[in-house]
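Take a look at the letters that make up each chain.
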Amino acid sequence: MLIVWLFLNMNNMVNILNEVYVSEETLKLLKEAGFNWDCRKIQVRLGVFDSRPTLAVAQKWIRDVCGTDVCVHTSGNNVYRPVIYKYDKDEGGKDYTDYENLLFSTYEDALSYGITRYLNILLKNKK
C-alpha cells in the first residue's frame, strides 16, 4: 500500500515529494479556461481524492494552449517575481505583468501567483 503524505503551504497548494500541485482555486480557474488534460489523482483531504495538475503542468498548458508564458525571475537574495508574457504573431511579445514588484520567498509561490493572475486576466477578457 502506497501512502503519500500531503503538505498544504500558505496558498493551499498541495506539495507531494517535491511536486507542487495547484490550489483548489487555481484548479477551478483552469477548468473554466478550458483545461482538460489528464492529471494524477491525489488525496487532498482525508478520504477526498481530486485530479490536479502540478504547477509545471499548468504552466505548460498555458504556454502551449494560450500562447502565454508564465515565468519566474529571481531578484537575488532568494526572492522571486512572477512575470507573464503574451506572444502575438503580429506584435511580438507583450509583458502582461501589471502588478507592482510583488516578491515571493519561494519559486513555487511566485509561479502559483503568476498562473492564477494570468487565468484571472484570461477569463476577464473572455467575458
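None of these values were measured; they are calculated from a predicted model.

Draft legend 1. Up close: the packing of helix 1 (residues 24–33) against helix 3 (residues 107–126). Relative orientation of the contacting elements helix 1 and helix 3 amounts to 35 degrees, with a least axis distance of 10 Å. Regarding helix 1 and helix 3, the two cross each other, and that crossing is left-handed. Residue-level contacts link Glu-25, Thr-26, Leu-29, Leu-30, Glu-32 and Ala-33 of helix 1 to Ile-115, Thr-116, Leu-119, Asn-120, Leu-122, Leu-123 and Lys-126 of helix 3. Looking at the contact of helix 1 with helix 3, its residues break down into seven nonpolar, three polar and three charged.

Draft legend 2. Just the packing of aromatic side chains, in detail. Scanning all chains against the criterion turns up four aromatic pairs. Note on Phe-35 and Trp-37: the rings are 6.0 Å apart at their centroids and 45 degrees apart in plane angle, and the pair reads as tilted. Judged by relative accessible area, Trp-37 falls into the partly exposed class, the value being 32%. Ring centres of Phe-104 and Tyr-113 lie 5.4 Å apart, and the angle between their planes is 40 degrees; on these two criteria the pair is classed as tilted. For Tyr-113, a relative accessible area of 28% translates into the label partly exposed.

Draft legend 3. Just the confidence of the model for the protein, in detail. Here the protein averages 81 in pLDDT, while 75% of its residues score no lower than 70. Taken together, the stretch residues 1–10 has pLDDT below 50 and engages in 14 contacts with residues farther than four places along the chain or on a different chain.

Draft legend 4. Summary view of helix 1. Within helix 1, burial applies to Thr-26, Leu-27, Leu-29, Leu-30 and Ala-33. Within helix 1, the buried residues cover an arc of 165 degrees as seen down the axis, which keeps them to one side. Among the exposed residues of helix 1, those oriented more than 90 degrees off its buried face are Glu-25, Lys-28 and Glu-32. Against the buried residues of helix 1 lie strand 5 (48–51), helix 2 (55–66) and helix 3. Immediately beyond the C-terminal end of helix 1, within one or two residues, lies Gly-34, with a positive phi of roughly 110 degrees.

Cut-offs and rules
Residues numbered from 1 in each chain as written. Predicted model: local features only at pLDDT ≥ 70, side-chain atom pairs only at ≥ 80, totals over all residues. Heavy atoms only, no water. Axes fitted to C-alpha atoms, helices over the stretch in contact; angles between N-to-C directions. Helix = DSSP H or I, 4+ residues; strand = E, 2+ residues; numbered from the N terminus. Left-handed = near helix turned anticlockwise from the far one by under 90°. Contact = heavy atoms within 4.5 Å. Nonpolar A, V, L, I, M, F, W, Y, C, P; charged D, E, K, R; others polar. Phe/Tyr/Trp six-rings, centres within 6.5 Å; stacked < 30°, edge-to-face > 60°. Buried < 20%, exposed > 50% of the residue type's maximum accessible area, 1.4 Å probe, protein only. pLDDT = per-residue confidence, 0-100. Arc of directions from axis to C-beta.

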